[in-house]
Amino acid sequence: MAEAPVLTIDGPSGSGKGTVAAKVAQVLGWHILDSGALYRLVGLAAQKAGMDLSDSAAIAEMARTLPVKFVDRKVFLDGEDVSLAIRTETAGNNASKVAAIPEVRAALLGWQRDYARPPGLVADGRDMGTVVFPHAGVKIFLDASADERARRRYKQLKDKGIDVKLSGLIAEIEERDHRDRNRSVAPLLPAEDAQVIDSTRLDVDTVVDRVLQAVYEAYPETGCKSSI
Ligand code: C5P
């Protein structure tokens, strides 16, 4: 079978990756991989099991056999709906701790690559273009200032009914970014062949158009439908 086209969108938390990935996938009719959700699930499962987040071997073993089901737009862990629980800032922070464990990353690698199926895949994360899909036809690195990212995250969480303080959020985002950028395995950084987009002053539709344009150039068979 021919390889499915892949678009990777990497970047720090709150850069708008998730929103852009969902919109682009909808226009193209492609599958979507929210790789952050997998790390969030591992972090949540470890926390629920009362595991020490530095116990690398035990957490990696659990990651290999995680009882997860995605149904419609919901995520179930061992039969329990955890769609909201994985979105809290604590879950994000725990995700970033378990994500620094090389064995956990290795355990999730095959699972993530299995998402690359026709008609195509939009993969959202931190190392999609560098490690998981190094041969992707289009690689985007989406960035924005830390303040802007915290504001977006704040609004997103409020809209979901999750109560947070903006000041605490900025501190947490900076701490998480620092850990993600400085870890020894698969650190957050643009792939050499990635197109970097700073979205600080761009609205979502402008970013979506730019990404679609890059996809149509790399994969002309997807059709030239961009509104640019
Ligand atoms: O993108 P999201 O905020 O859901 O990711 C949660 C955490 O999972 C990140 O802070 C990062 O540490 C980790 N992650 C990762 N590699 C990915 C996706 C997420 O290390 N591809």
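Our structure's up above, just so we're on the same page.
Residues numbered from 1 in each chain as written. Predicted model: local features only at pLDDT ≥ 70, side-chain atom pairs only at ≥ 80, totals over all residues. Heavy atoms only, no water.

Quick look at the packing of aromatic side chains now. Taken as a whole and assessed by the stated rule, the structure comprises 1 aromatic pair. Between the aromatic rings of W30 and Y219, the centroid separation amounts to 6.0 Å while the plane-to-plane angle is 75 degrees, which identifies the pairing as edge-to-face. Of the two residues, W30 is situated in the loop between α1 (17–28) and β2 (31–34) and Y219 in the segment after α9 (204–218); the sequence distance between them amounts to 189 residues. Across the pair, Y219 and W30 agree in class, each one buried. (Phe/Tyr/Trp six-rings, centres within 6.5 Å; stacked < 30°, edge-to-face > 60°. Helix = DSSP H or I, 4+ residues; strand = E, 2+ residues; numbered from the N terminus. Buried < 20%, exposed > 50% of the residue type's maximum accessible area, 1.4 Å probe, protein only.)

On to the sheet that holds strand β4 (residues 74–77). Taking strand neighbours across the sheet as the criterion, the 3 strands line up as β3-β4-β5 in an open arrangement whose pairing is antiparallel. Of all the strands in the sheet, the pair left with one neighbour each is β3 (68–71) and β5 (80–81). (Pairing = 2+ DSSP bridges.)

Another aspect to go through is the side chain of K139. If you trace the backbone, K139 turns up in strand β7 (residues 138–143). Side chain to side chain, K139 and D193 meet in a polar contact 3.2 Å long. Look past the residues within four positions of K139 in its chain and what remains in contact with it is T8, G129, F133, P134, A191, D193, A194 and Q195. (Polar contact = N/O pair within 3.5 Å; in protein donor to acceptor, adjacent residues only side chain to side chain. Contact = heavy atoms within 4.5 Å.)

As a further point, take the packing of helix α2 (residues 35–48) against helix α3 (residues 56–64). Following both chains from N to C, one finds α2 and α3 inclined at 120 degrees, their axes separated by 10 Å at the closest point. With respect to α3, the axis of α2 lies oblique. Judged by the sense of rotation from one axis to the other, the crossing of α2 with α3 is right-handed. In this structure, α2 uses V42, A45 and A46 to contact α3, whose residues at the interface are I59, M62 and A63. The residue inventory of the contact of α2 with α3, partitioned by class, reads 6 nonpolar, no polar and no charged. (Axes fitted to C-alpha atoms, helices over the stretch in contact; angles between N-to-C directions. Parallel < 35°, antiparallel > 145°, perpendicular 65-115°, else oblique. Left-handed = near helix turned anticlockwise from the far one by under 90°. Nonpolar A, V, L, I, M, F, W, Y, C, P; charged D, E, K, R; others polar.)

Quick look at the nonpolar core now. One finds L41, V42, I59, L66, L77, V104 and F133 to be the most contacted residues of the largest nonpolar core, which totals 33 residues. Among the secondary structure elements, those contributing two or more residues to this core are α2, α3, β4, α4 (89–98), α5 (102–113), β6 (121–125) and α6 (128–132). The leading source of residues in this core is α2, at 8 residues. Among residues more than four places away in sequence, those in contact with L41 are L66, V68, F70, V75, L77, V82 and I86. V24, V122, V211 and V215 belong to the second-largest nonpolar core, a separate cluster that totals 21 residues. (Core = buried A, V, L, I, M, F, W, Y, C linked by side-chain atoms within 4.5 Å.)

Taken together, 17 residues are adjacent to the ligand, and R40, R105, D127, R176 and D180 come closest. The separation between an oxygen atom of the ligand and a polar side-chain atom of R105 is 2.8 Å. Take D180: an N or O atom from its side chain is 2.7 Å from an oxygen atom of the ligand. Protein contact buries 97% of the 460 Å² of open area that the ligand shows by itself. (Near = heavy atom within 4 Å. Areas by Shrake-Rupley, 256 points an atom, 1.4 Å probe, with all protein chains shown as cover.)

Before going further, it helps to examine the sheet that holds β2. Pairing in this open sheet of 5 strands is parallel, and the strands run β2-β6-β1-β7-β8 from one edge to the other. Whereas interior strands pair on both sides, the edge strands pair on one side only; in this sheet they are β2 and β8 (195–198). Across the sheet, the mean angle separating the axes of adjacent strands is 20 degrees when strand polarity is ignored. Taken strand by strand, α2 contacts β2 and β6, and its axis lies near 40 degrees from that of β2.

So, on to unusual backbone geometry. Along the chain, P118 connects to P119 via a cis peptide bond; the corresponding omega equals 5 degrees. Here P119 shows up in the loop between α5 and β6. The phi angle at D78 is positive, at roughly 50 degrees, despite the residue not being glycine. Mapped onto the elements, D78 comes out in the loop between β4 and β5. Its identity is not glycine, yet A186 carries a phi of approximately 45 degrees, on the positive side. By secondary structure assignment, the location of A186 is in the loop between α8 (166–182) and β8.

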